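Examination of the molecular architecture
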Amino acid sequence: MPPYDRQTLPELLDPATCALLTVECQRGVVGPRGALPELAAAARDSGALDAVARLVSAAHDTPVQVLHAVAERRADGRGSGRNARLFRAAERLPVQQLTGSEAVRIAEPIAVAPEDLIVRRLHGLSPLAGTDVDALLRNLGCRTLVIAGVSANVAIPNAVFDAVNLGYTAVVPADAIAGVPADYTPAMVRHTLALVATVTTADEVVAGWRRARER
């Protein structure tokens, strides 16, 4: 993992201007009976899902806003895209991410607080593009977005790129994201995400928020 300027991290993690975005940490994706068992296993076996849960818990203890980005589809498929191989494959999966179903609930051990914002999308690859996330973040005065969840293959890099393109500083706790195969995630972090985001760890983010709370 490339080094980064640790002096800037406390400033980036100021709870007044920082938010946490969890990406597709839903039961139908990373749960034990989800549609993507290999990805679910990677998220759990690597400790990434537990790291996301620690981040969410720490954010709940501070003014840091938590947003959960959920990908779902209607039972009739209306509004969902078929313009990518990934979308067409998802239509054939045994577990469907249907609106209102158990599959689109946030997965354990992540806790959802009443003040959390859940943003759902029917189309696309990014939690930001075409959703309410950008407007919500601007209304909250957010300048830094901590991004965690799955997958390092698609949704996480999309979220990071879109956040940067929209003017946010992206912070990626590398141990709180997962993809498949497992060795792809560190390569994605090192060779791509580290070029545009501040790469750190979940523990450093949690410690930064705790220090801010104690000030």
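Before any of the text, the structure's been laid out above.
Everything in this summary refers to the structure shown in the same document. (Residues numbered from 1 in each chain as written. Predicted model: local features only at pLDDT ≥ 70, side-chain atom pairs only at ≥ 80, totals over all residues. Heavy atoms only, no water.)

1. So, the layout of surface pockets
- When its volume is computed, the largest pocket comes out at roughly 750 Å³.
- Lining the largest pocket are 32 residues, with E24, L36, A71, L86 and A90 positioned closest to its centre.
- Where the lining of the largest pocket is concerned, the elements lending two or more residues are helix 3 (37–45) and helix 5 (85–90).
- Here the lining of the largest pocket takes four residues from helix 5, the largest share from any one element.
- The residue inventory of the lining of the largest pocket, partitioned by class, reads 18 nonpolar, nine polar and five charged. (1 Å grid on protein atoms, 1.4 Å probe; cavity = no way out; pocket = protein on both sides within 12 Å on 5 of 7 lines; lining within 4 Å. Points joined across faces, edges and corners; volume = space filled by probe spheres on them. Helix = DSSP H or I, 4+ residues; strand = E, 2+ residues; numbered from the N terminus. Nonpolar A, V, L, I, M, F, W, Y, C, P; charged D, E, K, R; others polar.)

2. A word on the packing of helix 7 (residues 155–165) against helix 8 (residues 184–196)
- Contact pair helix 7 / helix 8: the axes reach a minimum separation of 9 Å and the direction vectors enclose 20 degrees. Considering the angle they form, helix 7 stands roughly parallel to helix 8. Read as a crossing pair, helix 7 and helix 8 show a hand that is left-handed. Side by side, helix 7 and helix 8 meet where I156, P157, V160, F161 and V164 of the first sit next to M188, T192, L193 and V196 of the second.
- Here the contact of helix 7 with helix 8 is composed, by residue class, of eight nonpolar, one polar and no charged. (Axes fitted to C-alpha atoms, helices over the stretch in contact; angles between N-to-C directions. Parallel < 35°, antiparallel > 145°, perpendicular 65-115°, else oblique. Left-handed = near helix turned anticlockwise from the far one by under 90°. Contact = heavy atoms within 4.5 Å.)

3. Considering the nonpolar core
- Residues L20, L55, I110 and W209 are the most contacted members of the largest nonpolar core, which totals 36 residues.
- The set of elements that each furnish at least two residues to this core consists of helix 1 (9–12), strand 1 (18–23), helix 2 (27–30), helix 3, helix 4 (48–60), strand 2 (65–71), strand 4 (144–150) and helix 9 (202–214).
- It is helix 4 that contributes the most residues to this core, nine residues altogether.
- If you look at the next biggest cluster of nonpolar residues, it comprises 28 residues, including V133, L137, A170 and V189. (Core = buried A, V, L, I, M, F, W, Y, C linked by side-chain atoms within 4.5 Å. Buried < 20%, exposed > 50% of the residue type's maximum accessible area, 1.4 Å probe, protein only.)

4. Observations regarding the pattern of salt bridges
- As enumerated under the stated definition, the model contains 11 salt bridges in all.
- Between R138 and D134 there is a salt bridge whose closest N-O contact spans 2.9 Å. You can see R138 and its partner D134 sitting in helix 6 (residues 133–139), four residues apart, about one turn around the helix.
- Using a relative accessible area of 17% as the deciding quantity, one classes D134 as buried.
- Among the charged side chains, a salt-bridge network with shared partners connects R27, E102, R105 and E108. (Salt bridge = Lys/Arg side-chain N within 4 Å of Asp/Glu carboxyl O.)

5. A word on the environment of R213
- One can find R213 in helix 9.
- Judged by relative accessible area, R213 falls into the partly exposed class, the value being 42%.
- Taking the C-alpha atoms as reference, R213 lies 6.3 Å from T62; in sequence the two are 151 residues apart.
- Aside from chain neighbours lying at most four places away, what touches R213 is D61 and T62.

6. A closer look at the packing of helix 4 against helix 9
- Where helix 4 contacts helix 9, the axes come no closer than 10 Å and their chain directions differ by 5 degrees. The angle between helix 4 and helix 9 places the two elements in the roughly parallel class. Where helix 4 abuts helix 9, its residues A51, R54, L55, A58 and A59 lie against A202, D203, V205, V206 and W209.

7. Some points on the environment of E108
- Mapped onto the fold, E108 is located in the loop between helix 5 and strand 3 (117–121).
- Looking at E108, the relative accessible area reads 44%, which means it is partly exposed.
- Linking E108 and L36, residues 72 residues apart in sequence, is a C-alpha distance of 16 Å.
- Filtering out sequence-adjacent residues up to four positions away, E108 remains in contact with R27, R44 and L49.
- Looking at E108, its side chain comes within polar contact range of the side chain of R27, at 2.5 Å. (Polar contact = N/O pair within 3.5 Å; in protein donor to acceptor, adjacent residues only side chain to side chain.)

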